[in-house]
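Each chain, written out:
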Amino acid sequence: IINNYLRGTQGGAVDKASPSGMLFRDSKRKVDYVLAYHYRKRLARHPAGAGSPEPTRESASLALVSNGGTGKGCAELQRQDGGQYAPQERPRPLGVEVIELGPLDTLEEEKRLQREEYERNLVEVGLEIEKDPENKSQGLSFVRIHAPWQVLSREAELLKIKMPTKKMYEITEEGGILKTLNEIWCKLTKPLQPQVPQQENTNMKSLSYPFSREKIYLYNIKDKDTFFDNATRSRIVREILKRISTKARNSTGIGTLIANHVYDAAYPLHDGEYEGQNDDMNERKLLYREWARYGVFYKFQPIDLIRKYFGEKIGLYFAWLGLYTEFLIPSSVVGIIVFLYGCITIEGDIPSKEMCDQHNAFTMCPLCDKFCDYWNLSSACATARASHLFDNPATVFFSIFMALWATMFLEQWKRLQMRLSYFWDLTGLEEEEVSFLSEHPRPEYETKLLQKKLKNKSITTENSNEVRCSLLFSDEKEKLTWSDRMPGYAANFGLILFMIMLTFSAVFGVIVYRITTAAALSFSTNETTRSNVRVTVTATAVIINLVVILILDEIYGAVAKWLTEIEVPKTEKTFEERLILKAFLLKFVNSYAPIFYVAFFKGRFVGRPGHYVYVFEGYRMEECAPGGCLMELCIQLSIIMLGKQLIQNNLFEIGIPKLKKLFRKLKDERTEPKEMDTNQSKDPQQWDLDYILEPFTGLTPEYMEMIIQFGFVTLFVASFPLAPLFALLNNIIEVRLDAKKFVTELRRPDTVRAKDIGIWYNILSGIGKLSVIINAFVIAVTSDFIPRLMYQYAYSQNGTMHGFINHTLSYFNVSHLKAGTQPENSPFAQDVLFCRFKDYREPPWSQNQYEFSKQYWAVLSARLAFVILFQNLVMFLSVLVDWIIPDIPKDISEQIKKEKSVLLDFFLKEEHEKLKLIESFIARDKQKHKSGTKGERIRAASFCQFNRCQKGSFASFSSQHTEV
């Protein structure tokens, strides 16, 4: 039966809703899951004086004939040429009322029939349902679902859910100095621990085993209503909802029904309000008080409670985020030390002193044609001094440190992941359970497969419905082939290539902006404007880059999802992995393309005086500042990183959910008529409160922003040692922001069991390896580290850096400038014979004038040698760290072995007790009934009672005789 289902005002007043908002109206059965849908009653014509609000449904015989849709009921339907159904011309039977339905009414009627069929199927599998009466002409209604013990136990056995048994065993702790240090650490960090309920004896652990009804006596079942917690109950109901199908429109599972707008949403309930005056404490309120507030940012995360409330997958995400944030602390400290080293040694930096010395008077070649004059190198003193903050020998050490840091972080995460797997009973996550959950086909895949079957079978119209149903539920092993997916793959390849080219086009557009803006500002008559051209162009260009990145990021996220959908992956796991790879590829290129350009391409293709490279006619390619491109790379990296964190990761995460919630609320108020509903409780129930929350869409956006940040921290850290510090400050806020979002702004997610973070670990590992190569090239190519090293040990006469600036500047005869490019109205034109430019080229008095000099090739060889040496050294150290640190902690490895041994002994003891009981039963039966069929029947009944063990009689008896 559908429990507590009332239609209209049938039976008088409706029972009051449960006080807690978590129970059925009988205040006994839990609401394990909620389905929400919008209904719209048809304005049917019915005989006058009928008191029922829906007389057409109450009539004994009814034919519904659609206006351009489908027809259902007693009337025979005949297909017309236009592909629509129409009633066959025949006399109407007596007592049948024909109602003509418009297209909207037909659609609503079809949805109603699908809902009724789906809910009947849910009741058939054992679920209990409570529905709201539909008292308005249109509105929102809820279907509340409760899973009784029989369904929970059956599905828990099917899903192989591990449950605690009666057996407890002691966890052996490491002794010696490690135990002492751990105790000291626990005492020091006690104020930082969240005030959440802890296990009384932390040294004891329950032995868990996949649930089995045959071995129900093994489990510590004190109360059947609380044996499965709320998260497990909702997970079981969700799995049932996913596999129950309807014949109408071949809908398979709740996902298809939501996609077809039969239902609006399906979600488990939160455990009550997270704030309020009442003193009732629930897990949601506890999480909010101890975790999801900015005021508790200094506390550790209650990972076990997060896992219990949200499931293992979300628990692993927050555990990973917490470890990543903790690891940013030492890297931030080292980054600050490197930055301070640059600040302290800036006064003793000889190259910057030479550049700032007014007496050296290096006359530099004009920065643009005609309108730019010769200039003195000492005017770039501030840039040179600022560059030393990030371009010093300490950055090389910091790059090596960060490469090893990334390796140690990944190794430590593997160890923590294994520790959590042990305590969360994921170490023995059955392969059958993983395959059952991950290999279940997606509704979109089944729909595509059905369309293929229908096309191949060439089904006739008369029996199309029956064949469709038979095809849908057939056991025929058919799947989508490579040729079926070819259009999707072609679209993926073409669009991804187009999106990458769009990113490069945006970068090129910004380059053109910089070149043209620099040229335009050079024409200015204002001296201040001309002197600040480089600063103005750099700052505005970076801001434009940031805006373009933010816009394209949102577009690429939607495009990646659409591209994955047209591929039609079979399982949810495959869908998620392909979506992650596409989104990461597009967002990686989008975020780092401008930074790659500044680091490795800017200033490399400028040419030389008298032979410059032009983008458009009259516009020279831009070149690096006199102090090098590293300072500009630092500015670009810092603004993009901080801008993305501040705007995208924080403002968007706070603002967009609130706007969506407001829009959904306004939409519901606009669509629902202002009608009085006396049956509704004045206070909104928990399902009402949860419905207006934002639906949970997955962890991909949360991981993605952290992975992109991880790239900023590791890939170009040689140019910006303060990147880990800004990442740490962001993550302190990010942890609480995500926590608050999950607790207060999102519907409760379905709990998902997961052993690891999946493909994200491989992406992190790939970024870590790529960072070694990129930092090697940044130090070798972008910075002046190698030229300074070469000059000091190969070209300096006294082994110091004196004369380095003069060594890196080449000479150019100003008379060799092309006609029309000389500076106009220059006061220095008569006095300047040679100007200098930064490059290693032969002087004009050489036979091979302006060709690359020997120093150029020597420095280039040293750069490449450094890249090879740095890469191999860091890779070797990373492999060494990986080898030294075991993936599985020693104590966890021993505990897993011990758990297997304890489990085996536990089963042997239970089987031994069972055997003793059987023998005692047999002996007792033989004494009491030595002959006759009566004794045989009693003995058989005894064995039957023992074997079934479902009514609890023998289970309780055996538990009295078995001490566990």
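Look up: the structure comes first, before these words.
Here is a short report on the structure shown in this document. Everything numeric in this text was worked out from a predicted model, so none of it was measured. (Residues numbered from 1 in each chain as written. Predicted model: local features only at pLDDT ≥ 70, side-chain atom pairs only at ≥ 80, totals over all residues. Heavy atoms only, no water.)

We now examine the environment of Gly322. Note on placement: Gly322 falls in helix 10 (residues 312-344). On the basis of relative accessibility, which here comes to 12%, the residue Gly322 falls in the buried class. Spatially, the C-alpha atoms of Gly322 and Gln301 are 7.5 Å apart, while their sequence positions differ by 21 residues. (Helix = DSSP H or I, 4+ residues; strand = E, 2+ residues; numbered from the N terminus. Buried < 20%, exposed > 50% of the residue type's maximum accessible area, 1.4 Å probe, protein only.)

A word on the nonpolar core. Grouped together as the largest cluster of nonpolar side chains are 113 residues, with contacts concentrated most on Trp291, Phe310, Trp320, Tyr324, Trp405, Phe716 and Ile757. Ignoring any residue separated from it by four or fewer positions in sequence, one finds Trp320 in contact with Phe409, Trp413, Tyr703, Met706, Ile707, Ile757 and Leu764. Of all hydrophobic cores here, the second largest spans 45 residues; its members include Leu152, Ala156, Tyr169 and Tyr422. (Core = buried A, V, L, I, M, F, W, Y, C linked by side-chain atoms within 4.5 Å. Contact = heavy atoms within 4.5 Å.)

What follows concerns helix 25 (residues 759-782). Between its first and last C-alpha, helix 25 extends 32 Å over 24 residues, near the 34 Å set by a 1.5 Å rise per residue. Among the 24 residues of helix 25, 17 are classified as buried, and the element is accordingly described as predominantly covered. (Expected span 1.5 Å × (residues − 1).)

Mapping Thr517 onto the fold places it in helix 17 (residues 482-522). For Thr517, the side chain forms a polar contact with the main-chain oxygen of Tyr513, separated by 2.6 Å. (Polar contact = N/O pair within 3.5 Å; in protein donor to acceptor, adjacent residues only side chain to side chain.)

This part is about the state of the cysteines. On inspection of all chains with the given rule, the structure shows four disulfides. Shown here is the disulfide that connects Cys368 with Cys372, its sulfur atoms set 1.7 Å apart. The sign of the 95 degrees torsion about the S-S bond sets the Cys368-Cys372 disulfide as right-handed. By relative accessible area, which is 13% here, Cys372 ends up buried. Across the protein chain, the way the bonded cysteines pair up, counted in sequence order, is 1-5, 2-8, 3-4, 6-7. (Disulfide = S-S within 2.5 Å.)

Attention shifts here to the sheet that holds strand 7 (residues 138-146). Reading across from one edge, 6-7-1-12 is the order of the four strands in this open sheet, with antiparallel pairing throughout. With one partner strand each, in any of the chains shown, strand 6 (128-131) and strand 12 (265-267) form the two edges of the open sheet. The mean inter-strand angle of the sheet, taken between neighbouring strand axes irrespective of direction, is 20 degrees. For strand 6 and strand 7, the ladder comprises four bridges, and the chain directions are antiparallel. Bridging across to strand 7, Ile129 finds its partner in Ile145. Contacting strand 1 (33-40), strand 7 and strand 12, helix 6 (residues 230-243) runs over the sheet at an angle of about 50 degrees to strand 1. (Pairing = 2+ DSSP bridges. Axes fitted to C-alpha atoms, helices over the stretch in contact; angles between N-to-C directions.)

Attention shifts here to the pattern of salt bridges. With the rule as written, the count across this model stands at 40 salt bridges. In this structure, the salt-bridge partner of Asp349 is Arg788, at a minimum N-O distance of 3.4 Å. With a gap of 439 residues between them, Asp349 in the loop between helix 10 and helix 11 (350-356) and Arg788 in helix 26 (residues 785-795) connect regions that are remote in the sequence. By relative accessible area, Asp349 is classed as buried at 7%. Beyond isolated ion pairs, a larger network of salt bridges with shared partners links Arg25, Glu130, Asp132 and Arg144. (Salt bridge = Lys/Arg side-chain N within 4 Å of Asp/Glu carboxyl O.)

So, about a nonpolar patch on the surface. Taken together, the side chains of Tyr294, Phe297, Tyr298, Ile654, Leu729, Ile732 and Ile733 present a nonpolar region at the surface, about 630 Å² in accessible area. The element that contributes the greatest number of residues to the nonpolar patch is helix 24 (residues 723-745), accounting for three residues. (Patch = residues over 30% accessible without salt bridge, like charges linked within 9 Å, V, L, I, M, F, W, Y side chains within 5 Å. Areas by Shrake-Rupley, 256 points an atom, 1.4 Å probe, with all protein chains shown as cover.)

A few words now on the pairing of strand 19 (residues 809-813). The buried count for strand 19 comes to four of five residues, which makes it a mostly enclosed element. Judged from the five bridges that link them, strand 19 and strand 20 (residues 834-838) form a sheet pairing that is antiparallel. If you follow Ser810 over to strand 20, its bridge partner there is Phe837.

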